[in-house]
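Listed here are the chains, written in short residue letters.
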Amino acid sequence: MSVELTHLNGRGEAHMVDVTTKAVTEREARAEAFVFMAPETLGLILSGAHHKGDVFATARIAGIMAAKKTADLIPLCHPLALTRVEVEITPETAQHRVRIETVCKLSGKTGVEMEALTAASVAALTIYDMCKAVQKDMVIGPVRLLEKRGGKSGHFQADMKNDQPIEGEQP
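Residues numbered from 1 in each chain as written. Predicted model: local features only at pLDDT ≥ 70, side-chain atom pairs only at ≥ 80, totals over all residues. Heavy atoms only, no water.

By the naming in an unreviewed UniProt entry, the chain is Cyclic pyranopterin monophosphate synthase, taken from Aeromonas schubertii. According to the UniProt record, the Catalytic activity (unreviewed entry) comment for the chain reads "(8S)-3',8-cyclo-7,8-dihydroguanosine 5'-triphosphate = cyclic pyranopterin phosphate + diphosphate". (UniProt positions renumbered as here; feature names shortened; annotations may be inferred.)

A. Region of interest: the overall build of the chain. Secondary structure summary: the chain contains four helices and seven strands in total. The linear arrangement of helices and strands in the chain, starting from the amino end, is β-α-α-α-β-β-α-β-β-β-β. Restricting the contact set of the chain to residue pairs at least 6 apart, pairs at least 24 apart contribute 65%. Surface exposure of the chain reaches about 9,900 Å², of which carbon and sulfur atoms provide 56%. (Helix = DSSP H or I, 4+ residues; strand = E, 2+ residues; numbered from the N terminus. Contact = heavy atoms within 4.5 Å. Areas by Shrake-Rupley, 256 points an atom, 1.4 Å probe, with all protein chains shown as cover.)

B. Structural view of the nonpolar core. Residues Met-37, Ile-89, Val-98, Ile-100 and Ile-127 are the most contacted members of the largest nonpolar core, which totals 28 residues. Within the residue set of this core, elements represented by two or more residues are β1 (25–36), α1 (39–47), α2 (55–68), β2 (84–92), β3 (97–108) and α4 (113–131). Top element by residues in this core is α4. It accounts for nine residues. If sequence neighbours within four positions are ignored, Ile-89 has contacts with Phe-56, Ala-59, Arg-60, Val-98, Arg-99, Ile-100 and Ile-127. (Core = buried A, V, L, I, M, F, W, Y, C linked by side-chain atoms within 4.5 Å. Buried < 20%, exposed > 50% of the residue type's maximum accessible area, 1.4 Å probe, protein only.)

C. Molecular detail of α1. Looking at α1, one finds that the buried residues are Thr-41, Leu-42 and Ile-45. Down the axis, α1 shows its buried residues gathered within 95° of arc, on one side only. What points out from α1, more than 90 degrees from its buried face, is the exposed set Glu-40 and Ser-47. Following α1 by one or two positions, Gly-48 has its phi on the positive side, about 80°. (Arc of directions from axis to C-beta.)

D. A look at the packing of α2 against α4. Look at α2 against α4: their axes get within 7 Å of each other, and the N-to-C directions meet at 145°. By crossing handedness, the relation of α2 to α4 is classed as right-handed. Contacts from Val-55, Phe-56, Thr-58, Ala-59, Ala-62, Gly-63, Ala-66 and Ala-67 in α2 reach Glu-115, Thr-118, Ala-119, Val-122, Ala-123, Thr-126, Ile-127, Met-130 and Cys-131 in α4. Here the contact of α2 with α4 is built from residues that sort into twelve nonpolar, four polar and one charged. (Axes fitted to C-alpha atoms, helices over the stretch in contact; angles between N-to-C directions. Left-handed = near helix turned anticlockwise from the far one by under 90°. Nonpolar A, V, L, I, M, F, W, Y, C, P; charged D, E, K, R; others polar.)

And the structure:
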């Protein structure tokens, strides 16, 4: 498999990809992250008794804000005019974890995978930050891209059974 690293120029130096001539297309990406914690910590969040307030609401806002600031955090990302950012947080009590799923969308010349991954990561970090006084050994991960649509590379979807990528339809 031959793969071109687009963020390297002909001299092997990092550079921002020129998207000037790329077509504007609708693009969307979904990502997920998990925060594993003790049942007591999850119970505290779900009961609403956490002294810092609504953990999930704060994490949701942090994820949305992070998606909008991705170009400020990841050096070679283009600033994007996102048209949709969604952060869904679901407690999974049987697994003692919280699942975060993010969706980012736009009409543009470059994809939104990094924005979706950044939103999921920062939402997870916010949950950790709000609960670290109660439990310091929470575990974040995995954080991964679930799906992307649009652009030159077409459609990618993660295989949810094996945690392996599967090929999707090409444009």
